[in-house]
Structures are given as structure tokens and as C-alpha cells.
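Descriptive structure summary
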Amino acid sequence: MIHIDRIKSHFILVVDYRMPVPSTLAASLTLGLALTANAHADEGMWMPSQLPELAKQLREAGFRGDPRDLAAVTQPPLSAVVKVGGGTGAFVSGEGLLLTNHHVAYGVIQYNTSAKENLIEHGFIAKDRGDERAANPDFRVLVTVGFDKVTDAVLGPAKGKTGRAYFDAVDAASKRIVADCEREGGVRCSIANMYYGTDFYRIRQLELRDVRLVYAPPRAIGNYGDEIDNFMWPRHSGDFTLLRAYVGKDGKPADYSADNVPYQPPAHLQIAAQGPQAGDYAMLAGYPGITYRHRTAAEFDEQVNGALPQRVAVFDQMIAVIEAAGKSDAEARTRYAAQLQSLKNNRKRAAGELEGMQRSDAVRLRGEDERGMLAITHGDDARDIAALQSLLADASALRERDLLLTLIGTQTQLLRSALTLERLRLESAKSDDQRETGYQQRDQALIEGTLKQVQRRYSPAVEKMVLSALLTRYQQLSDAQRVPEFDAAFGRTPAQLQQALDKLYAGTRLGEEAERLSRFAAARAAEPVAADPLMTLAAALVPAQLRLENERKMREGEQLRLRPAYMRALFAWRKQQGRAVYPDANSTLRISYGRVEPLAPRDAVSFAPVTTVAGIVEKNTGQEPFDAPKPLLEAIAKGDFGSTADAQLKTQPVNFLTNLDTTGGNSGSPVLNARGELIGLNFDSNWEAVSASWWYDPRYKRAIHVDMRYLRWLLAKVYPAPQLLQELRLPAE
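Values in this document were obtained by computation on a predicted structure and should not be read as measured data.

**Describing the overall build of the protein**
Along the backbone of the protein there are 25 helices and 22 strands. In summary, the protein has a C-alpha radius of gyration of 25 Å against a globular reference of 27 Å for 733 residues, a match within 12%. In terms of overall dimensions, the protein has a C-alpha envelope of 65 × 65 × 55 Å along the principal axes. A burial count over the protein gives 62% of its 733 residues as buried. Each charge class in the protein can be summarised by its mean position, and for the 90 positive and 90 negative side chains these summaries are 1 Å apart.

In C-alpha cells, the structure reads:
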């Protein structure tokens, strides 16, 4: 399924085929776990249920707890770890206080920023709970309260089917399970596809809708170094924010209300009194978005020689457009701050993935590995794998078109609103169980929230410029990739495109919240919506989207049916090699373990695993992005670090490195020590490791974390929040 995955609170196009561990491969997996000594010890994003099998390795790595305590996602301590926006977070008090990254909560900060009160630039500290600021209406915190296998119920109706019929059978069964799960109310349910259609799990989550901003450092702390330092080491960033989740007085999730009360989580983490040292055990729990390490060799080749270069070029163009608009329009600069940050991050990520896969020679090595696997694969599995490879080749020919059409529908505000409203109108005429996922009754509150937040993220001039850039690239596609409805709407030449956009945005009224919400009321009732140029356009484009969606579902149905054969072959091949097999990430809770470790990325270049405040001063130029705030520089000069100073370095630490296995979605993941105490907050990877979502290279893979001692020091000495230190049970020193 083509979707937009949040990476560091930013969008990136991915193809979704998800996968943890299938019960049908349990014997192979058990052998794989027993042979982990033959693989790099710290590689793998493990399902919690696998950790008891890894008890020996965990103890050897330094873990002091009982691995059985880490086996259940709904029990402490893992029940303290939650999905936050597009990343991860963790409860750190019994009163709903939640710790995540500054960049994960950046949209919340931007949503509350105005000309009168610039929270992005100056940060924010709530004076009391009444001063905490409501997040944007579509921001969510998800607390996992159930994780159950439902493979037979999902795959049973698909038996004997192919293509679109296979997809529809799996989709219908999944919807029935979700509907039954949500019937009791108060939970959000979903189905996780494990190992590319081999196993399925039902996930139950509390959907906390009332989330408020409590503490955010200034931009020049939370995003110190910005894009220059992004994916780089050494780092000196205080990339953290504190939020608070609220519920109704009955303890159930509720929309924002002044009468709501703080959510009382099932568990919360305690920040450690002591910080990490080189070589110390470290463990991370979070919701990594997706990895691709078990993809086919052809998919590896396509990434390096097609998808990634295209993605870099498109993101470059969009970044240039938005930055140019912001230079002369301060209001537009604020409204597009979060989106621009998203695009910059994803552009750099795509470039890093490309360079990293080339550096590790991933295409050649994956090809050699797959050829060895196929040489021992015969019978039905061999035939299914050949059919899968042919199917993937056909889909590859449409890659650039699908990228552009996805971005047109997601990187805009008004056009996205119009397309959503028209699709909602069509879906609402069906029974709820027949509606497309995302447009059912359960989704309407989120749609409404998305429509409401448009007002603070939109400029007509900027949206037209973004669309012009994307549609100009679309006009240059070959005829085989073109869509007649888009050609009719926007023309075949730049002049026709500009004329069409000028006319559309001169006449639309969807820029007004009342106009959007009145059409939302009509659409959800399956009634005709009031006329508007963008709604007329949506009525012409949505049928094209539905046609392309049907083609995609036919391909996805076949992939769901065929990919398990590839996985069976891969497990057999890994067993023969004596290598461990761990599940690719798929947005479900995972654990990585390893140690605090230095980095030597190139010949004669070596980096220590801890940075200190001295580096902030060394980098400081007084100019963005190295414009350290005056209170921070004064506190550093004073040298009063108290109990937060590193015992060996005799100064204040800022960030540290581990060799933990992470990817997008792990932003905001808590990093724990051997006793399960919170020592860090994951926020980035080094440049050399960006490609780890595809290819794990132990020479380079590092994760970058905010040292909790830096957070403590900032809250105590620089931008004081004594009430929060008290709530966190930390000394005010």
C-alpha cells in the first residue's frame, strides 16, 4: 500500500508491506535466535515476545532485569511507551506527562505560534496546568492495550482467491475484526500485517485526543544546528518536548475540554540519576516505521537506481519553492515551518540512503544473497517468487507517477481538503463496513481535525507554487504514466497549468474554515456539497484516483498472496547459513539493545560517543542555526552543573551515541540503561547509517540520543521548570 510514513514528524513515500514473526515459521525463528552469535550482536528490532528467547544474549550484553518482563507490550515497563504523532514517546509521570522529541511535537509548537507569541523561536513553559496549550486537532497519542494474533480469521476468507479478490477478502475480514474490536468504544483498533501477508495481529489502542504542550525549549536548543547538523555527529541538540495527555472525567479518551483531567498511564519511566558511559548497556523501545531488509534484490536495485534519485530531485524543488516564498512573507514562513522541516529532513534522508547503500555495496550483496537463496528454492515457492518478481517489475514502471500524485494529494492543504471531502461523500453512501479504510465513521473525527488545522498551515500563493512545481514534473512524464483526468484539469503545458491554478484559487472559498466544515457535514451525510471550483476539480479527479486505486489493490492482492513464498525461502536460506532472522519493522512496538559506542566512519577519523556543552560554544556563531540562546551561554560559562555533570568528563553532557538498531518512527523512543531507567531520548542517526532501513552495516550504524542529564540541567538551571522537576521526581539542582 502506498502511503505517507512519518519520519521524524516528516513525510516520506514508502511502499507498505509489513512484517513481524509468523507462527508458521516459528521453528526456523527459534533456530535463528539460537544462532544470533553468528550475526552482529546488536542488529535487530525485536518483537517483545521474542526477548525471552534472547535472555542469554541480553544478559551477556549487560541487561540486569528479567527478559520475561519485556515480553508483553501491555505490561510495565513497555506500557509506558506510546506512539506520539509520527514518532514515539514515553510517559514519565503518573499524571500523563509525556516525553518526546522537539521535532515530533514541532507541529504542535507551530500550531500554537503566532506573531504575538512565537513559541518556535522562544520556547514555552506552562506556568501551570491551566496554561498548557492544546495541540492541533489531528494530533494523537496511541496507548497499546491489546496485541492478539488473528491470522486464521484474516486469511481464511482469502483462501483460493487471487489478485483483487484476495485483497478484498483480507480487507473485508480486517474491517470486520476492527469493527468488532471497537464496538465496546474507547479504543482504536488496527490490523498489523506480519511477514508480508503470513501472519496478522489485532492491535487495540487508546486514542488520546486531548494532548497539550507543557514545555518546549527554544528553537536554538531544540533544533540547534538544524539541517547542517541533521544526520550528523557530533551533535549538540536538546531535541525534546514535554506534553500532557488528558481524558474525560470518566477516564475515557475525549476531545479537548477545560474540564478534562490528566490521563493516568498504566506505567511511567523514571529518569536515571546517573548517565551513560562508553561501553554501557543500552536498550531502546519504540515504534519504528518500516524497514526493507527482507525485500527482493530487484527492489534494492530500484531504490538505488531510480526511486531515491527521483525523491531527492522532487524534494529539492519543493524546498526551494517554500523557502523562496518565506523570504518575503513572514506569515507564510511560520505557516509552512513544519512542512519545510519535513521536506528538508526527507530530502536529506533520501540522499543519505542513496549514499549509504552505495557505500555498503548493498545492491550487489543483496543480489548475491538472493541468488544463493533461489538456488535452493524449488517447487511452488520458486514459481510464486518468479511471479512476484514479474509483478514488482510492472509496478516499478509507474513509480514516478505514483510519487507525484501522492505528493499532490498530501503536500497541499486546500486541494487535499477537497479531495478528502469528495471521497468522503462517495464513501458515506455505502454501508460503513463497505467504506474504504480512512473514510469510515471511526475516521470522521480525525478528518474533521485535519480540516480544522488547515487555517494555520496554508497560504494560497505557496500552495499554488507547490502544485505548479509538482504538476510541471507530472506534465513531463511519458504518455504511459499520464492520467487523462489530470491532463484535462491542468493542461499539457506550463501556460495551461498556470491558468488553471490561477482560476481555481481565485474562486475557491475552501480557505475559510466554516466553508470546509459545512461541506464536511454534507459529505459525511452523503449529500451534495456546495459548489466550489476546488470541489468541482475533486469531483473530476477522484474517479481517476479510484481507478488507480483499483489497479494498486490488484497488485497488492497478488503481493499479499505471493510474498510469503519469498519469506519461506529466506528463512530456509538463513537457517542453512546459521544466521539469525529478525522481523522487519512495521510500526509495531520493537526493542533494540546494544551499548554506548564511539564511531569511526572513515580512515583516521574517530568520534567519541558523548558530546558536552563545550561543543555548543565551539559551534556558536550567533547566526541561525548556530545561535545558542544567551541564557544557555551564560549558564555554560557559569559552569554550575551540579548533579547533572558527567563524573568522568567533569562537565555537562548533551548527546550520546549507541549502536542501537533504529529507523524512522523511532524518534522520541526512550533509551534505557541495564536497570530499565531512562537515560536518553532517541532523535537521529548518523549520516553513514541512514541507509540502515534497507541494509544494516555494523561498521556505521549508530543512533543519536539526548542525554537526560542535559534535559535535567535545562529544566533546573537554564529555562527553569521546578514544578516539572518535582513531578519527574528529580532534584532541582
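**Some points on the state of the cysteines**
Within the structure shown, the criterion is met by one disulfide. Across the disulfide from Cys 181 sits Cys 189; the S-S distance is 2.0 Å. Its S-S torsion of approximately -60° makes the covalent link between Cys 181 and Cys 189 left-handed. With relative accessibility at 3%, the residue Cys 181 sits in the buried group.

**A few points about the pattern of salt bridges**
Oppositely charged side chains can form a pair if their charged atoms are brought close together. One pass over the structure, following the stated rule, counts 68 salt bridges. Residues Asp 661 and Arg 293 are paired through a salt bridge, measuring 2.7 Å at the closest nitrogen-oxygen approach. Of this pair, Asp 661 sits in the loop between strand 19 (653-658) and strand 20 (670-672) while Arg 293 sits in the loop between strand 14 (281-286) and helix 9 (297-328); the two residues are 368 residues apart in sequence, bridging distant segments of the chain. Classification of Asp 661 by relative accessible area gives buried; the value is 0%. For the salt bridge of Arg 383 with Asp 380, the shortest nitrogen-to-oxygen distance reads 2.3 Å. One end of the pair, Arg 383, and the other, Asp 380, are both in helix 13 (residues 379-396), three residues apart, so they sit about a helical turn from each other. Just as Arg 383 is exposed, Asp 380 falls in that class too. Shared partners join several salt bridges into a network, and the residues in it are Arg 423, Glu 427, Lys 430, Glu 436, Glu 549, Arg 552, Lys 553 and Glu 556.

**Some words on the packing of helix 23 (residues 630-638) against helix 24 (residues 708-718)**
Contact pair helix 23 / helix 24: the axes reach a minimum separation of 11 Å and the direction vectors enclose 100°. Classified by the angle between their axes, helix 23 and helix 24 sit roughly perpendicular to one another. Residues Pro 631, Leu 632, Ala 635 and Ile 636 of helix 23 pack against Tyr 710, Trp 713, Leu 714 and Val 718 of helix 24. Its residues placed into classes, the contact of helix 23 with helix 24 shows eight nonpolar, no polar and no charged.

**Some words on the packing of aromatic side chains**
Tallied over the full model, the rule gives 13 aromatic pairs. On the basis of an interplanar angle of 50° and a centroid distance of 6.0 Å, the ring pair of Tyr 474 and Phe 486 is categorised as tilted. Of this pair, Tyr 474 sits in helix 17 (residues 460-475) while Phe 486 is found in helix 18 (residues 484-490), placing the two residues 12 residues apart along the sequence. One aromatic cluster is present, formed by Tyr 292, Phe 300, Trp 694 and Trp 695 through successive ring pairs. Lying across the ring of Tyr 246, Arg 212 places its NZ or CZ 3.7 Å from the centre. Taking NZ or CZ as reference, Arg 366 lies 5.8 Å from the ring centre of Phe 300, over its face.

**Considering the pairing of strand 15 (residues 590-595)**
Each regular strand shows side chains that alternate between the opposite faces of the sheet. With five of its six residues buried, strand 15 lies for the most part within the structure. Examined bridge by bridge, strand 14 and strand 15 share six bridges and lie antiparallel to one another. By the bridge assignment for strand 15, Met 283 is matched with Tyr 593.

**Concerning the nonpolar core**
With 65 residues, the main nonpolar core has Tyr 215, Leu 632, Tyr 710, Trp 713 and Leu 715 as its most contacted residues. The element that contributes the greatest number of residues to this core is helix 24, accounting for eight residues. Here Tyr 215 is in contact with Phe 124, Ile 125, Phe 240, Thr 241, Leu 242, Leu 714, Leu 715, Tyr 719, Ala 721 and Leu 724, once residues within four sequence places are set aside. Core analysis: the next-biggest nonpolar cluster, separate from the first, contains 55 residues, Leu 407, Ile 447, Tyr 474 and Tyr 505 among them.

**Overview of the packing of helix 9 against helix 12 (residues 362-375)**
The N-to-C vectors of helix 9 and helix 12 enclose an angle of 170°; their axes lie 8 Å apart at closest approach. Taken together, the axes of helix 9 and helix 12 are roughly antiparallel relative to one another. Counted together, Ala 297, Phe 300, Asp 301 and Val 304 of helix 9 and Ala 362, Val 363, Arg 366, Gly 367 and Glu 370 of helix 12 form the full contact between these two elements. Tallied by class, the residues present in the contact of helix 9 with helix 12 amount to five nonpolar, one polar and three charged.

**What to know about helix 11 (residues 337-359)**
The end-to-end C-alpha distance of helix 11 is 33 Å, a good match for the 33 Å that 23 residues give at a rise of 1.5 Å each. Most of helix 11 is tucked away: 19 of the 23 residues are buried. Of the residues trailing helix 11, Asp 361 is marked for its positive phi of about 55°.

**Here's the deal with the pairing of strand 12 (residues 241-247)**
Strand 12 sits mainly inside the fold: seven of its seven residues count as buried. Note: strand 5 (residues 97-100) against strand 12, four bridges, orientation antiparallel. Residue pairing in the sheet places Leu 98 in a bridge with Leu 243 of strand 12. Strand direction decides the pairing type here: strand 11 (residues 210-216) and strand 12, joined by five bridges, are antiparallel. Across the sheet, the residue bridging to Tyr 215 is Leu 242, located in strand 12.

Calculation criteria
- Residues numbered from 1 in each chain as written.
- Predicted model: local features only at pLDDT ≥ 70, side-chain atom pairs only at ≥ 80, totals over all residues.
- Heavy atoms only, no water.
- Helix = DSSP H or I, 4+ residues; strand = E, 2+ residues; numbered from the N terminus.
- Rg over C-alpha atoms; globule rule 2.2 N^0.38 Å.
- Buried < 20%, exposed > 50% of the residue type's maximum accessible area, 1.4 Å probe, protein only.
- Lys, Arg positive; Asp, Glu negative; His and termini not counted.
- Charge placed at Lys NZ, Arg CZ, Asp CG, Glu CD.
- Disulfide = S-S within 2.5 Å.
- Salt bridge = Lys/Arg side-chain N within 4 Å of Asp/Glu carboxyl O.
- Axes fitted to C-alpha atoms, helices over the stretch in contact; angles between N-to-C directions.
- Parallel < 35°, antiparallel > 145°, perpendicular 65-115°, else oblique.
- Contact = heavy atoms within 4.5 Å.
- Nonpolar A, V, L, I, M, F, W, Y, C, P; charged D, E, K, R; others polar.
- Phe/Tyr/Trp six-rings, centres within 6.5 Å; stacked < 30°, edge-to-face > 60°.
- Lys NZ or Arg CZ within 6 Å of the ring centre and 35° of its normal.
- Pairing = 2+ DSSP bridges.
- Core = buried A, V, L, I, M, F, W, Y, C linked by side-chain atoms within 4.5 Å.
- Expected span 1.5 Å × (residues − 1).

These values are about where atoms sit, not about what they do.
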